[in-house]
Amino acid sequence: MIVRDVLAILVGTAVVVLPGMSLLLALGVRRPLWYAAVPTVASVGVAMVTAIVCALIGLPYGVPALGVVTFALAAVGVWRLIRARAAASEKPRRRFRLGMGEVLGLLLVLCGMGLGGAIWMAGIDTLSTISQEHDMIMHYVITSYIERTGHGAPWQLMPSDVLTGEAISFYPAGLHLLMSVSSALTGSAAVGINAVTIAVLAFGWAVSVASLGFVAARRAGIGRGGAMIAGGIASIVASGLYRPVFSLIHEGGVLPNAATLVLAPGVLAVLLTVPRKGWGPVVAVAFSCLGILAIHPSAMATVGVSLIAWWIGEAFTRGGLRRILGQLPRIAAAGGIAVVIGLPLLVQLFGVSGGAPNAPADSPPIPFADALGSSLGMVYWGFVMEHRAHPQLAAAVITLVGAAAVLYARKGLGVFAAWLAWVIIEIAYWTSPGKGWESIITGLFYHSNLRIWSHISLFAPVLGAVGVVLIASRVALWLGNRAPVFRRRVRFAALGLSFVMGLVYLAWPAVNYARIEADYIANRYARPNFVRVGVDDGKAIAWLGDKIKPGERVLNSANDGSTFLYVDEGIPIVNISSLGNAKLPHTYRLLKSLNTFPSNPEVRKSLKDLNIRWVYVDTSAPLIGAATSPEDWVDTNTFSFPKGFEHLDGLPGLEKVFTSGPVSIYEIDASVLNGTS
């Protein structure tokens, strides 16, 4: 099992980074930073354009399509690289060398990646483990739908009827395009999704924040070696933070939004380092922006607000305003290209009515002092009660020390401004949820505190890491002035001291945080405190798998494990949303009134028209919020088991044909629906 999981993670990582890296190579991008910062979002951009083209010409999206495109891009990139080297063969070439700081920084980044991966593996136990969290229902179904049908264009996702592909409600499925390929290659939706999840939320998060840490350190006047170490320290600090990764996955299974947040620092690193010449990098930025937007539309606010705040801070540094003005035309050009190539996505995105800004705030107001403490203290939340409301004290301290160091040095003010902006937004939200001036921004995140709060953690590790290196440099300089042995080795002393401080943080607070975060992940994976998809579901799915006939549907409640009828076996189900879909009234009306079908001709007509021959019932489904439901068919604020599935035993024309634990399958007598019996 360990070997299989390792191979699957390698496959998932390859799917996540190779298309994007091939694009960068084909476009002639030569900056190593960019290959670290945006391969995942660039891969999503490539996958999105591939899916759109496939839909237009009538080909299925999947492993062959993305594989061919990736290979073609890589071939173009290698050809361009060979030509460039041949043209430069007569010129003296600079030898590529890694200095002490670069090597030490790379080691710290690898430690951050390893820490994140270890947390995930401790929390899920094996890649075949299924998440029990509510929002993951849709992620499993969408991934399987793309894999089974080859439909991946924005206007094809996501249908409420998986059999006909009708009643489409737009869903941002950029990450699912990669997960579907990973699932096909690994032979399992659960394995493929978990492999990509680790590749993005563990490895991608560590490298993304390290990339921004490098850029922030360079802007603070730190040399390349020190900047690499700053990136490595940021990577370690980030991997141990509760937000954004573990908060969003544990508290809601909000996988796409978690992915946009962890990848946003890398996108910012690229936007802040756009060269003034060459169109290749501009196109690369366009694909990266398209990719992160395709994962989750809130990326527009995450990246936009953060970039503006960073620019405001940088404008107060020497040469900052000139640098910003030089970047603006290039970024505007990249935005224009992104609009052109991503027009089908944008049409669907802006065609969605209502949505995020109309959502109610999910947190009550609290006093300013409590809001300030919660925002700066990086406190745990969620449903592991022994850790809830406890601060991540070491992370908070290193962040505040970093802020003080940056302000004292009057360097690197961009990252400080970005961090401060989100702290202010979070405090404003806490004190007046969904009502104050900040609601213009927080509305883009459904006024959801776990999403908004997470933004602070995008910049806290970077700010703290830059501060550590600045302080280490000052200490080394002080030692050099007082101890002759250090006088000629000030630079090496600064690098060594920064590296040691990074290792100390890793060995003590980061490892302790990792144990806690593994508990949070296990609470939804390996050792869940509720079960949505369990062993009994597996038995029921296996039993029904060879009995379903082409064209038949299974009536189900998507709040239980029945969605895996489609995920595992491709069996058409009526419901993929836990409360039904307003575009297809039968999805929720049958949940409400199935048990009236002997005397209700409308219910019988729906069952007959949809060719529903089977009913999947799980009496132990977990409790979820249901404040709003189509036609208010759920008359309480919570939901677990549909009323229409109660008292089915003994109804004429309905026979219980399978039972395992709380899971049962009923068969409907077609003659009753036809009125012949």
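Refer to the structure printed above.
Throughout, a residue's number is its position along its own chain's written sequence, starting from 1. For a predicted model such as this one, the threshold for reporting local features is a pLDDT of at least 70, and the threshold for listing and counting side-chain atom pairs is 80 or more; totals across whole chains, interfaces and linings nevertheless cover every residue. Heavy atoms throughout the structure, all of them, feed into the side-chain values; hydrogens and water do not.

Looking only at helices and strands, one finds 28 helices and eight strands in the protein chain. As a reference, a globule follows 2.2 Å times the number of residues to the power 0.38, and the radius of gyration itself is taken over C-alpha atoms. For a compact globule of 677 residues, the expected C-alpha radius of gyration is about 26 Å, and the protein chain comes in at 26 Å, within 12% of that figure. Counting the 677 residues in the protein chain, one finds 58% classified as buried. Considering only residue pairs separated by 6 or more positions, the protein chain has 75% of its internal contacts joining residues 24 or more positions apart. Where accessible areas are quoted, they stem from the Shrake-Rupley method and a 1.4 Å probe; at the residue level, only the protein chains shown are allowed to cover. Accessible area for the protein chain stands at about 27300 Å²; split by element, carbon and sulfur atoms hold 64% of it. Only four residue types enter the tally: Lys and Arg on the positive side, Asp and Glu on the negative side; His and the chain ends are excluded. In plain terms, the charge of a residue is placed at NZ if it is Lys, CZ if Arg, CG if Asp and CD if Glu. Computed over 50 positive and 36 negative side-chain charges, the separation of the two mean positions in the protein chain equals 24 Å. Every helix listed is a DSSP run of H or I at least four residues long, and every strand listed is a run of E at least two residues long, numbered separately from the N terminus. For every residue, the accessible area (1.4 Å probe, protein chains only) is compared with the maximum for its type, and the residue is labelled buried under 20%, exposed over 50%, or partly exposed between those bounds. Two residues qualify as a contact provided that any one of their heavy atoms is within 4.5 Å of a heavy atom in the partner residue.

Looking now at the side chain of Ser498. Inspection of the secondary structure puts Ser498 in helix H23 (residues 490–522). Since its relative accessible area comes to 1%, Ser498 is described here as buried. Beyond its immediate chain neighbours, meaning those up to four positions away, Ser498 contacts Ile229, Ile233, Val468, Val469 and Ala472.

Attention shifts here to the pattern of salt bridges. A pairing counts as a salt bridge when a side-chain nitrogen of Lys or Arg comes within 4 Å of a carboxyl oxygen of Asp or Glu. According to the stated counting rule, one finds 12 salt bridges in the structure shown. Glu667 is the salt-bridge partner of Arg613, the closest N and O atoms lying 3.1 Å from each other. Residue Arg613 is found in strand S4 (residues 612–618), and its partner Glu667 is found in strand S8 (residues 663–668); the two are separated by 54 residues along the sequence. In this structure, Asp649 and Lys656 form a salt bridge, with 3.5 Å as the shortest nitrogen-oxygen distance. Residue Asp649 is classed as exposed on the basis of its relative accessible area, which comes to 51%. When its relative accessible area of 36% is taken as the criterion, Lys656 is described as partly exposed.

Helical geometry note: an α-helix holds 3.6 residues per turn, so side chains three or four residues apart project in the same direction. In a helix, the anticipated span is given by 1.5 Å times the number of residues less one. Look at helix H8 (residues 189–219): 43 Å from first C-alpha to last across 31 residues, which is about the 45 Å you get at 1.5 Å a residue. Here the bend at a residue is taken as the angle between two axes, fitted respectively to the seven residues that end there and the seven that start there. The largest bend in H8 comes to about 40 degrees, at Gly204. For H8, the buried fraction is high: 28 of the 31 residues fall into the buried class. Positive backbone phi, approximately 85 degrees, marks Gly221, located one or two places after H8.

Before going further, it helps to spend a moment on the packing of aromatic side chains. Planes of paired rings set the category: under 30 degrees apart is stacked, over 60 is edge-to-face and the rest tilted, where pairs are Phe, Tyr or Trp rings (Trp by its six-membered ring) whose centres lie within 6.5 Å. A full pass over the atoms with the stated rule returns 15 aromatic pairs. For the ring pair Trp120 and Phe246, a centre distance of 6.3 Å and an interplane angle of 35 degrees mean the geometry is tilted. With Trp120 in helix H5 (residues 100–124) and Phe246 in helix H10 (residues 245–252), this residue pair connects regions lying 126 residues apart in the sequence. A relative accessible area of 1% places Trp120 in the buried class.

Here is the key point about a regular strand: its side chains alternate between the two faces of the sheet. With five of six residues buried, S8 lies mostly within the body of the structure. Looking at chain direction, S4 and S8 are connected through five bridges and run antiparallel. Its bridge partner lying in S8, Val617 is registered against Ser664. Alignment of strand S7 (residues 654–660) against S8, held across six bridges, turns out to be antiparallel. Bridge pairing in S8 places Phe658 opposite Ile665. Here, any two strands with at least 2 DSSP bridges between them count as paired.

Right, let's talk about the environment of Asp649 for a bit. Locating Asp649 in the fold gives a position in the loop between strand S6 (638–639) and S7. Through-space distance from the C-alpha of Asp649 to that of Tyr666 is 9.0 Å; in sequence the pair is 17 residues apart. Once residues within four sequence positions are removed from consideration, Asp649 is found in contact with Lys656 and Tyr666. Nitrogen and oxygen atoms within 3.5 Å of one another constitute a polar contact, given that in protein one can donate a hydrogen and the other can accept it, and given that sequence-neighbouring residues count only through two side-chain atoms. Side chain to side chain, Asp649 and Lys656 meet in a polar contact 3.5 Å long. A distance of 2.6 Å separates polar atoms of two side chains, one belonging to Asp649 and the other to Tyr666.

As a rule of thumb, non-glycine residues mostly have phi less than zero, and peptide bonds are mostly trans rather than cis. A cis amide bond, omega 5 degrees, links Leu157 with the succeeding residue Met158. Here Met158 lies in the loop between helix H6 (136–149) and strand S1 (159–161). Between Arg243 and Pro244 the backbone carries a cis peptide bond, its omega angle lying at 0 degrees. Along the chain, Pro244 turns up in the loop between helix H9 (224–239) and H10. We note that Glu631 has phi near 55 degrees; this positive angle belongs to a residue other than glycine.

So, on to the packing of helix H11 (residues 255–271) against helix H13 (residues 299–314). The axes used here are C-alpha line fits, helices contributing only the stretch in contact, and every angle between their N-to-C directions lies in the interval 0 to 180 degrees. Where H11 contacts H13, the two axes come as close as 10 Å, and the packing angle between them is 45 degrees. Considered as vectors, H11 and H13 are oriented oblique to each other. For the crossing formed where H11 meets H13, the hand is right-handed. Between H11, through Thr260, Leu261, Ala264, Val267, Leu268 and Leu271, and H13, the contact on the second element is made entirely by Ala299, Thr302, Val303, Ser306 and Leu307. Under this grouping Gly is polar, as are all residues other than the nonpolar Ala, Val, Leu, Ile, Met, Phe, Trp, Tyr, Cys and Pro and the charged Asp, Glu, Lys and Arg. Within the contact of H11 with H13, the residues separate by chemical class into eight nonpolar, three polar and no charged. Comment on the angle field: the value is read as roughly parallel under 35 degrees, roughly antiparallel over 145, roughly perpendicular from 65 to 115, and oblique elsewhere. Each crossing gets its hand from how the near helix is turned against the far one by less than a right angle, where anticlockwise is left-handed and clockwise is right-handed.

So, about the pairing of S4. Within S4, seven of the seven residues are buried, leaving the element largely enclosed by the surrounding structure. With three bridges connecting them, strand S3 (residues 553–555) and S4 associate as parallel partners. Residue pairing in the sheet places Leu555 in a bridge with Val615 of S4.

The strands making up a sheet associate through backbone hydrogen bonding, with each pair oriented either parallel or antiparallel. The four strands lie next to each other as S3-S4-S8-S7, forming an open sheet whose pairing is mixed. In this open sheet, the two edge strands, each paired with only one partner strand, are S3 and S7. Between one strand and the next, the sheet's axes are offset by a mean angle of 25 degrees, whatever the strand orientation.

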